[in-house]
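# Observations on chain architecture
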Amino acid sequence: MGYNRVRFNNFRNIEPREIKWTPGLNLLTGPNGSGKTNLLEGINIVSGWGPLERGTRSSSIPSWNSGSSEVQLTGQLDDENGEIVKVKLSSRYTIRLDEKPITATDLRWKIPVLSFLPNDMSIIEGSASFRRRLMDMLLTLIIPVYATRLNDYRRGIKQKTVILRNHGKTDFIDRALLPLASWIWKMREEVLVMISESMDDIYDLLPYPTEISLVRGGAGSLPQPEEDFIYSLKINKNKEEVLNVPVVGPHRDDMLIRTNGTTAALSLSRGFRRRVAVALILAAADGVRRKLGKDPVLLLDEITAELDSDGRDLLFCALIERKTQVFASTAEPFAESFPGRIYRVDSGRVEIIDED
Ligand SMILES: Nc1ncnc2c1ncn2[C@@H]1O[C@H](COP(=O)(O)OP(=O)(O)OP(=O)(O)O)[C@@H](O)[C@H]1O
Ligand SMILES: [Mg+2]
């Protein structure tokens, strides 16, 4: 499952044209600022995930030099029907599949894509929000109602913040949040089990035995999520009233990544951190395949950064074994043999330089 071709129109610095992709590994090479991350972002958008958060709003996306304010991305799916996905970004965001409107949720389910752009190292080094994003991205793909319930929960947390700021009573909103919060905790715990089970197959990429677990936001004293939520709210009541922010619940969750018994972000070298980050994404992809029966497309930016030649070999082997479509980028000159197709990106122009 993946894309045969994608047409970029007016998208950032990418030359307007159609690019053909191979069903296996596609490696984008080129200097800094040439457009590699932009190409990956385009594929992310055509898969229903929207633009990357790079400090810009989606309205500022269209190309600077075209004079037009409409971006259009068109992808042809690599399945028996060769369906066409068309995404337009102007003042509105519209998606069509074979000319019929489709929601982003349905499109993500149709063509699951896993990405951690623009920097997968943020899974290890970044704030807890990046790790929550990984869990939420997976759950959105696997459980159709997850995104809606997460939104309901987030709305509830906003209301609770307003109530706390106005020194009101929170009992009512806490009761409404209870089933959502405990369900999200259960789902996140299950998805981490799913990733852990798949990590056994990626052990050669992992420098040390690696364990992942959920750290429930402001909670964790009791095993049952419902009881834990109620109990943690009780013991944090004063804190919430003093700080005027909700401190208990999934919006404060983190995912603990431990290698060899210590926190990965503190103990690992940069190369090993990258190996763990990539291994987590691959394990997540394996889990998605088991649950959905479809191989997710992988988008990996700056794939070879910080990896030594052993690390690269292990990574390429792991990617080939998965038989999934991969779009990866590297800014380093790439002279080694590569088991896929290599593209050269230069000032937004893309050329195939090596056939597999
Ligand atoms: N809306 C836009 N219109 C036109 N060009 C844009 C737009 N937004 C960003 N750019 C240009 O895109 C280029 C950045 O591309 P991108 O981040 O994809 O580079 P890259 O090849 O990934 O570089 P690196 O190796 O540094 O990661 C910059 O030159 C930037 O000026
Ligand atoms: Mg880049």
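Predicted model only: the values in this text are computed from it and were never measured.

The next point concerns the confidence of the model for the chain. In this model, the chain carries a mean pLDDT of 91, and residues with pLDDT of at least 70 account for 95%. The least confident element of the chain is strand 15 (residues 349–354), whose mean pLDDT is 89; the most confident is helix 7 (residues 225–235), at 98.

Moving on: the nonpolar core. Within the largest apolar cluster, 69 residues are counted, with the highest numbers of intra-cluster contacts made by Leu114, Ile195, Ile257, Leu280, Leu282 and Leu319. At 13 residues, helix 6 (residues 171–199) tops the list of elements feeding residues into this core. Among the domains, domain 1 (1–110 + 330–356) and domain 2 (113–293) are the pair contributing at least three residues each to this core. Aside from chain neighbours lying at most four places away, what touches Leu114 is Met137, Leu138, Leu141, Ile281, Ala284, Ala285, Val288, Pro296, Val297, Leu298 and Leu299. Formed by 34 residues, the second largest nonpolar core is a distinct cluster that contains Ile19, Leu73, Val113 and Tyr343.

Glancing now at the pairing of strand 3 (residues 25–29). On a regular strand, each side chain points to the face opposite its neighbour's, so the side chains alternate between the two faces of the sheet. Taking burial as the measure, the five residues of strand 3 include five buried ones, the bulk of the element. By the alternation rule, side chains of strand 3 split into Leu25, Leu27 and Thr29 and Asn26 and Leu28, which are all buried. When strand 3 meets strand 13 (residues 326–330), the two strands line up parallel, connected through five bridges. Bridged to Leu28 within strand 13 is Ser329. Pairing geometry for strand 3 and strand 14 (residues 341–346), over four bridges, is parallel. Note on strand 14: the bridge partner recorded for Thr29 is Arg344.

The subject of this paragraph is the packing of helix 6 against helix 7. Each pair of packed helices can be described by the angle between their axes along with the distance between the axes. Put simply, helix 6 and helix 7 touch, their axes get as near as 8 Å, and they point 130 degrees apart. Considering their axes alone, helix 6 and helix 7 lie oblique with respect to each other. The crossing of helix 6 and helix 7 is right-handed. Side by side, helix 6 and helix 7 meet where Asp174, Leu177, Leu178, Ala181, Ser182, Trp185 and Lys186 of the first sit next to Pro225, Glu226, Asp228, Phe229, Ile230 and Leu233 of the second. Broken down by class, the residue content of the contact of helix 6 with helix 7 amounts to eight nonpolar, one polar and four charged.

Turning our eyes to something else, we now look at helix 1 (residues 36–46). An α-helix turns once every 3.6 residues. As a result, residues three or four positions apart point the same way. Judged by how many residues are buried, helix 1 sits mostly within the fold: eleven of eleven residues are covered. Turning to helix 1, its buried residues are Lys36, Thr37, Asn38, Leu39, Leu40, Glu41, Gly42, Ile43, Asn44, Ile45 and Val46.

Across all of its chains, the model carries seven aromatic pairs by this definition. Taking 6.3 Å as the distance between ring centres and 40 degrees as the angle between the ring planes, the aromatic pair formed by Phe8 and Phe11 counts as tilted. The class of Phe11 is buried, set by a relative accessible area of 0%. With 5.8 Å between their ring centres and 35 degrees between their planes, Tyr146 and Trp183 make a pair best called tilted.

Rules behind the numbers
- Residues numbered from 1 in each chain as written.
- Chains lettered and ligands numbered in written order.
- Predicted model: local features only at pLDDT ≥ 70, side-chain atom pairs only at ≥ 80, totals over all residues.
- Heavy atoms only, no water.
- pLDDT = per-residue confidence, 0-100.
- Helix = DSSP H or I, 4+ residues; strand = E, 2+ residues; numbered from the N terminus.
- Core = buried A, V, L, I, M, F, W, Y, C linked by side-chain atoms within 4.5 Å.
- Buried < 20%, exposed > 50% of the residue type's maximum accessible area, 1.4 Å probe, protein only.
- Domains from an automatic or database assignment.
- Contact = heavy atoms within 4.5 Å.
- Pairing = 2+ DSSP bridges.
- Axes fitted to C-alpha atoms, helices over the stretch in contact; angles between N-to-C directions.
- Parallel < 35°, antiparallel > 145°, perpendicular 65-115°, else oblique.
- Left-handed = near helix turned anticlockwise from the far one by under 90°.
- Nonpolar A, V, L, I, M, F, W, Y, C, P; charged D, E, K, R; others polar.
- Phe/Tyr/Trp six-rings, centres within 6.5 Å; stacked < 30°, edge-to-face > 60°.

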